[in-house]
Amino acid sequence: MSDAAPRNALRRMKRDFAAFDAHEYVRIGGVVTQASPSLFRVGGLNRLAAVGDRVALEDKSMTQGEIIQIDETGALVKPYGAAAPPAIGTEAFRIGAKTIAPCAAWRGRVLNALCEPIDGAGPLPRGARVAPVDALPPPALQRARIDKPLRTGVRAIDIFAPLCFGQRIGVFAGSGVGKSTLLGMLARASGFDAVVVGLIGERGREVREFLEDSLRDKRAETVTVVATGDESALMRRLAARTAVAIAEWFRDEGASVLLIVDSITRYAQAVREIAISAGEPPVARGYPPNVFADLPQLLERAGPGPLGAGAVTGLFAVLVDGDDHNDPVADAIRGTLDGHIVLDRAIAAQGRYPAIDILGSLSRLSHLAWAGQEASVAQRLRAMAARFEETRDLRAMGGYQPGMDKDLDAAVALVPSLYDALRQTADGPPSANAFADIAEALRARET
């Protein structure tokens, strides 16, 4: 007998045992050997499970958790919800990695991170195709190209930071500057077959406000995944990944998907809490290295799909602590995305909404979205706004005299009217042609 025969027999035996493991009557388990209010350790699973696998306790609580660390003494498990610590000796069983089975009937529904309905509209139907929550992004050379402009209806964005279908953009803002309101305005953009919203770490009272006010007419075609700020770090992290996985499912069905995640910063904070619980040391303002490895893996899943599939246009809210737009998380996110829209507290204080800083906002795909002379017009308006802002203190001190600088004279005459024309409210209609609206407003000012 050749040496290949024993090896083939071992492979068949391994395959047969793997098949047995897939059946409900074969379970891999262990017992709780250590417990605390937020973690418990299970002995006997360290050689039979992987980080990320789910674990269920075999007791009255039926608590589920996720393995966040494995060592020689066992598997460290963090529970999804708030529950009393399990008793030492409680049996715990591995139930595998989290998967979902979306279908088109999920539109209009509100789910939690575990894909359990929380809208009181009955159970969720199960689709025919199972998708992993932690999927890999499409290979770089298999992605489709981005080439279709997207009109958001927000004049400041369509002129100065225009977007394309399949682009990933970040909305950077401090708290209370109008970030969620702007996301609601962007959600009304036409051309999408499905909308997926992930509300991560939001206040409980804001969930209904966003669904009923911001989404409004889009509610029926929106799948919303919610994990409020009082839920565990695992639920907040899982909610973002579940929202992205649902968007990927619609993308693979050929749909053009709008994905809104509010906010990706709270997702990073959840990842930080889990990593520190697993013993990872913080390296940058309290954030462990795993946070900066995890963020690109999630963000890269949005964007154009493989050739022949749809695309996921990603809008990610970034909450900047203390209005510091250069904190490590914000900087890492900005370097990964295809552009950033910056909301400025000083602009909001002037009553100009949306409080978009047109000088600090950037779309890396604007050259694909502008048509004809739009690029030169936008660049000219941006230059005038920059001239107006850099001389604001000089003019306030009385150091400006008309006729000394033609470019400054034009900026002083035009930019205030431009700022007025860029004002929009969430209740107002979206702009069908931003450049035409601005041109009309400026002509009206001249007359």
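Residues numbered from 1 in each chain as written. Predicted model: local features only at pLDDT ≥ 70, side-chain atom pairs only at ≥ 80, totals over all residues. Heavy atoms only, no water.

**Q** So what exactly am I meant to see when it comes to the packing of helix 5 (residues 233–252) against helix 6 (residues 264–277) here?
**A** Axes are the key here: two packed helices are described by the angle between their axes and the distance separating the axes. The geometry of helix 5 relative to helix 6 is characterised by a closest axis approach of 8 Å and an angle of 130° between their N-to-C directions. Here helix 5 is positioned oblique relative to helix 6, judged by the angle of their axes. Between helix 5 and helix 6 lies a crossing whose hand is left-handed. Here helix 5 contributes Ala 233, Leu 234, Arg 236, Arg 237, Ala 240 and Arg 241 to the contact with helix 6, which in turn contributes Arg 266, Tyr 267, Ala 270, Val 271, Glu 273 and Ile 274. Of the residues assigned to the contact of helix 5 with helix 6, the class counts are seven nonpolar, no polar and five charged. (Axes fitted to C-alpha atoms, helices over the stretch in contact; angles between N-to-C directions. Helix = DSSP H or I, 4+ residues; strand = E, 2+ residues; numbered from the N terminus. Parallel < 35°, antiparallel > 145°, perpendicular 65-115°, else oblique. Left-handed = near helix turned anticlockwise from the far one by under 90°. Contact = heavy atoms within 4.5 Å. Nonpolar A, V, L, I, M, F, W, Y, C, P; charged D, E, K, R; others polar.)

**Q** Explain the pattern of salt bridges to me, please; I cannot follow it from the model alone.
**A** When the charged atoms of two side chains lie near each other, side chains of opposite charge can form a pair. The final tally for this structure, using the stated rule, is 27 salt bridges. The partner of Arg 94 in a salt bridge is Asp 53, with the nearest N and O atoms 3.9 Å apart. Note that Arg 94 is positioned in strand 6 (residues 91–96) and Asp 53 in the loop between strand 2 (40–43) and strand 3 (54–57), a separation of 41 residues in sequence. Taken as a pair, Arg 94 and Asp 53 share a single burial class, namely buried. Arg 423 is the partner of Asp 420 in a salt bridge, and the nearest nitrogen-oxygen pair spans 3.3 Å. Residue class for Asp 420 comes out partly exposed when judged on its relative accessible area of 43%. Three or more residues joined by partner-sharing salt bridges are found here, namely Arg 129, Arg 251, Asp 252 and Glu 253. (Salt bridge = Lys/Arg side-chain N within 4 Å of Asp/Glu carboxyl O. Buried < 20%, exposed > 50% of the residue type's maximum accessible area, 1.4 Å probe, protein only.)

**Q** Help me understand the pairing of strand 1 (residues 29–35), please; the structure alone is not making it clear to me.
**A** As a general feature of sheets, a regular strand has side chains that alternate between the two faces. As paired strands, strand 1 and strand 6 are joined by three bridges and run antiparallel to one another. Residue pairing in the sheet places Gly 30 in a bridge with Ala 92 of strand 6. As defined by bridge partners, strand 1 adjoins strand 2 across four bridges and the pair is classed as antiparallel. From the neighbouring strand, Gln 34 faces strand 2, where its bridge partner is Arg 41. Counting the residues between successive antiparallel strands, the hairpin from strand 1 to strand 2 contains four residues. (Pairing = 2+ DSSP bridges.)

**Q** Would you explain the packing of aromatic side chains in this entry?
**A** Aromatic rings considered in pairs are described by the distance between their centres and by the relative angle of their planes. In total, this model carries four aromatic pairs according to the counting rule given. With 6.3 Å between their ring centres and 65° between their planes, Tyr 287 and Phe 292 make a pair best called edge-to-face. For Phe 292, a relative accessible area of 25% puts it in the partly exposed group. Both rings, one in Phe 388 and one in Tyr 419, keep their centres 6.1 Å apart while their planes meet at 85°; by these two values the pair is edge-to-face. Here Phe 388, found in helix 11 (residues 374–390), pairs with Tyr 419, found in helix 13 (residues 406–421); they are 31 residues apart in sequence, far enough to count as distant. By the burial criterion, Phe 388 is buried, and Tyr 419 matches it. One residue, Lys 148, lies across the ring of Phe 165, its end atom 4.8 Å from the ring centre. (Phe/Tyr/Trp six-rings, centres within 6.5 Å; stacked < 30°, edge-to-face > 60°. Lys NZ or Arg CZ within 6 Å of the ring centre and 35° of its normal.)

**Q** What should I look at first to understand the confidence of the model for the protein chain in this one?
**A** Low-pLDDT stretches of the model should not have their predicted coordinates read in fine detail. Across the protein chain, the average pLDDT comes to 88, with 93% of residues at or above 70. pLDDT under 50 marks residues 19–24. Its contacts with residues more than four places away, or in other chains, come to five contacts. (pLDDT = per-residue confidence, 0-100.)

**Q** Even after reading the chapter, I still don't get unusual backbone geometry, so can you show me in this structure?
**A** Most of the time, phi is negative for any residue but glycine, and the peptide bond is trans. Here the amide bond leading from Asp 262 into Ser 263 is cis, since omega sits at 5°, within 30 degrees of zero. By the element assignment, Ser 263 lies in the loop between strand 15 (256–262) and helix 6. For Cys 115, which is not glycine, the phi torsion reads 65° and is therefore positive.

**Q** In this structure, what is going on with the nonpolar core? I would like to understand it.
**A** Soluble globular proteins tend to pack their nonpolar side chains together in the buried interior. Counting 59 residues, the largest nonpolar core has Ile 246, Phe 250, Leu 259, Ile 264 and Ile 333 as its most contacted members. For this core, the elements supplying multiple residues, two or more each, are strand 13 (194–202), strand 14 (222–228), helix 5, strand 15, helix 6, helix 7 (289–299), strand 17 (311–319) and helix 8 (328–336). Here this core takes 13 residues from helix 5, the largest share from any one element. Discounting chain neighbours no more than four positions away, the residues touching Ile 246 are Ile 100, Pro 102, Trp 106, Leu 111, Val 196, Val 223 and Val 225. In terms of nonpolar packing, the next biggest core, distinct from the first, is built from 55 residues, Val 154, Ile 157, Phe 160 and Ala 355 among them. (Core = buried A, V, L, I, M, F, W, Y, C linked by side-chain atoms within 4.5 Å.)

**Q** How should helix 13 be read in this particular structure?
**A** Think of an α-helix as 3.6 residues a turn; residues three or four steps apart then line up on the same face. Taking 1.5 Å as the rise per residue, helix 13 with 16 residues should run 22 Å; its terminal C-alpha atoms sit 23 Å apart, in good agreement. Its axis deflected by about 35° at Leu 414, helix 13 carries its strongest bend there, up to four residues before the proline Pro 416. The residue sitting at the N-terminus of helix 13 and contributing the capping side-chain oxygen is Asp 405; that oxygen lies 3.0 Å from the backbone nitrogen of Asp 407. (Expected span 1.5 Å × (residues − 1). Bend = angle between axes of the 7 residues up to and from the residue. Polar contact = N/O pair within 3.5 Å; in protein donor to acceptor, adjacent residues only side chain to side chain.)

**Q** What is the right way to look at the packing of helix 11 against helix 13 in this model?
**A** Contact geometry of helix 11 with helix 13 gives a least axis separation of 8 Å together with a crossing angle of 105°. The angle between the axes of helix 11 and helix 13 places the two elements in the roughly perpendicular class. Touching Arg 380, Leu 381, Met 384, Ala 385, Arg 387, Phe 388 and Glu 389 of helix 11 are Asp 407, Leu 408, Ala 410, Ala 411, Val 412, Leu 414, Val 415, Pro 416, Leu 418 and Tyr 419, all from helix 13. Class assignment for the residues of the contact of helix 11 with helix 13 results in 13 nonpolar, no polar and four charged.

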